[in-house]
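Structural description and commentary
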Amino acid sequence: MQTVISARGPLKGTVRVPSDKSISHRSVIFGALAEGRTRVENLLRADDVHSSMDCMRGMGVQIEDRGEVIEIKGRGLFGLQEPVDVLNCGNSGTTIRLLSGLLAGQGFLSILTGDGSLRRRPMARVINPLRLMGAGIDARGDGNYAPLVVRGGGLKSIEYTMPVASAQVKSALLLAGLYSEGGIDVIEPKATRDHTERMLRAMGAGLSQDGERIRIRPVEKLQPMEITVPGDISSAAFFLVAASLVPGSEVLLPGVGVNPTRAGIVTALRGMGADIQVLNQKEEGGEPVGDLLVTSAPLRGITLEADIIPSLIDELPVLAVAMAVAEGESRVKGAAELRVKETDRIKAVCANLAALGVDITETPDGFIIRGGRGFAGGTVESFGDHRIAMAMGVAGLTCRREIIVRESEAVSVSYPGFWKDLDSAASV
Ligand code: S3P
């Protein structure tokens, strides 16, 4: 499928963005380990979360879908069954990495795989520390690519300093730590999203944090939860940028998660001159939530460096769109992790923006954009990556001629209704 977008009038009104993908995965996976039923309201309905649900069902977990609410019948920490088939994680890095940690603790054999993109993503980052804990885990390409074969059980205690900033790896280790002999310590020099820590703590896991050190100790059981999943700030990001760029826009995004480990997009856009207000901030289910009100404003260039990158890593493609319109030069540094996402997002952003007439230079760990020229129009590729497709959709709203986004169906990974929502928010 391809989608054609051309310049539009101001964005107005309220957009209810889909539920948080990271929290949805964790609700399904952790809920399955609890002693009793976990109720999840507003679970994200998108391909990635369906992959997590299918994998958990493959290990005997019953998940009842009641529309607004889903109920997970927890099997307890030691109740998962050996899957009778390969577990297919689809396009989802979070599913495969979190499950590799969980399965490292199970006394059975399992095989994890995924689609073409997932099978090209690095897994040594999670396999190596799990092997240090004593897990029998192997993979294609000298232990780096899925399919992964896990023969779990008998895990030892370790102290592990994270060489890459990755919430997926951290979460995998914390899950494995639940099954280790004496627990583990994970040292995280660069903070990443902490949804796992918040949720496991709420479920009664023996988890504590002291600065960079996160410690988990085994417990007998986890408590079930009642979770309401907030809106996904990574999906809200497309409207934060779109409404900032199109003059005369004002958009309200209610009930969006504003966890500080995720909200770097708000800091970065404000640093560029954007007008974003966080209203009615409260805590819901252990996560900060607020209504985001964004009004259009002229943007200027910015430099984003390693310290802020983990809190906006998924938003860099759409931030690049904002940087192309902003006056002056922008630089993204210390973001080499972008090269190992659903696609090489540095290459994808540079190829697409150059095709639209933007002055952009690729660097090993980011890009440099000389902004202010905006977009001429043309054909761009999603490279099968949901966030590249949506970022290009936002570019289309301000381009001089139309933009054609190829393989635009990729949005279904995190935001199946994106094209419809973008169309209804923007006036003709
Ligand atoms: C995620 C962590 C991030 C992020 C991904 C979701 C998570 O990946 O890019 O979209 O839910 O833990 P890394 O852990 O690889 O940085």
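Residues numbered from 1 in each chain as written. Predicted model: local features only at pLDDT ≥ 70, side-chain atom pairs only at ≥ 80, totals over all residues. Heavy atoms only, no water.

1. Overview of the domain arrangement of the protein chain
This is how it is decided: What counts as a domain boundary in this text is fixed by an automatic or database domain assignment. In what follows, residue pairs with any heavy atoms lying within 4.5 Å of each other are defined as contacts. Two parts placed together each lose some accessible area under a 1.4 Å probe, and adding up what both lose gives the buried area. For the purposes of these results, a polar contact is taken to be a pair of N or O atoms within 3.5 Å, where, inside protein, one atom must be able to donate a hydrogen and its partner to accept one; residues adjacent in sequence count only when each atom of the pair is a side-chain atom. Counting from the N terminus, the helices are DSSP H or I runs at least four residues long and the strands are E runs at least two residues long. In this classification, the charged set is Asp, Glu, Lys and Arg, the nonpolar set is Ala, Val, Leu, Ile, Met, Phe, Trp, Tyr, Cys and Pro, and all remaining amino acids, among them Gly, are polar.
You can read the domains of the protein chain as domain 1 (2–19 + 230–425) and domain 2 (21–228). Between the C-alpha centres of domain 1 and domain 2 the distance comes to 29 Å. In this assembly, 28 residues from domain 1 lie in contact with 26 residues from domain 2. When domain 1 packs against domain 2, the two sides together hide about 2200 Å² of surface, and 47% of this comes from carbon and sulfur. Summed over the shared surface of domain 1 and domain 2, the number is 14 residue pairs in polar contact (both at pLDDT 80 or more). Among the secondary structure elements, those contributing two or more residues to the side of domain 1 that touches domain 2 are β16 (275–284), β17 (287–295) and α12 (386–396). Its residues assigned to classes, the side of domain 1 that touches domain 2 shows 11 nonpolar, seven polar and 10 charged.

2. Points about the site of the ligand
Our working definition: Nearness here has a simple test: a residue counts as near a molecule or strand if at least one of its heavy atoms is within 4 Å of that partner. Note on areas: Shrake-Rupley, 1.4 Å probe, and residue coverage restricted to the protein chains presented here. With a 1 Å grid spanning the protein atoms alone, the term cavity applies to any set of points in which a 1.4 Å probe fits but cannot get out, the term pocket to an open set with protein on both sides within 12 Å along at least five of seven lines, and the term lining residue to any residue with an atom within 4 Å of a point. What decides whether a molecule sits in a cavity or pocket is whether more than half of its atoms lie within 2 Å of the grid points.
Lining the immediate surroundings of the ligand are Ser22, Arg26, Thr94, Arg97, Ala165, Ser166, Ala167, Gln168, Arg193, Ile313, Asp314 and Lys341. The side chain of Ser22 places a nitrogen or oxygen atom 2.7 Å from an oxygen atom of the ligand. Note that an oxygen atom of the ligand is positioned 2.8 Å from one of the backbone N or O atoms of Gln168. Considered on its own, the ligand offers 390 Å² of accessible surface; in the complex 94% of this is hidden by protein. Among the detected pockets, the ligand sits in the largest pocket.

3. Considerations on the sheet that holds strand β23 (residues 403–406)
Under the convention used in this document: By the convention used here, strands pair only if DSSP detects at least 2 bridges between them. Axis angles are defined between N-to-C directions and span 0 to 180 degrees, where every axis is a line fitted to C-alpha atoms and, for a helix, only to the segment in contact.
Taken together, three strands build an open sheet; the order of strands is β1-β23-β22 and the sheet is mixed. The open sheet has two edge strands, β1 (2–5) and β22 (378–381), and neither has a second partner. With direction set aside, neighbouring strand axes in the sheet form an average angle of 20°. Pairing of β1 with β23, which is carried by four bridges, proceeds in the antiparallel orientation. Paired with Thr3 across the two strands is Val405, which belongs to β23.

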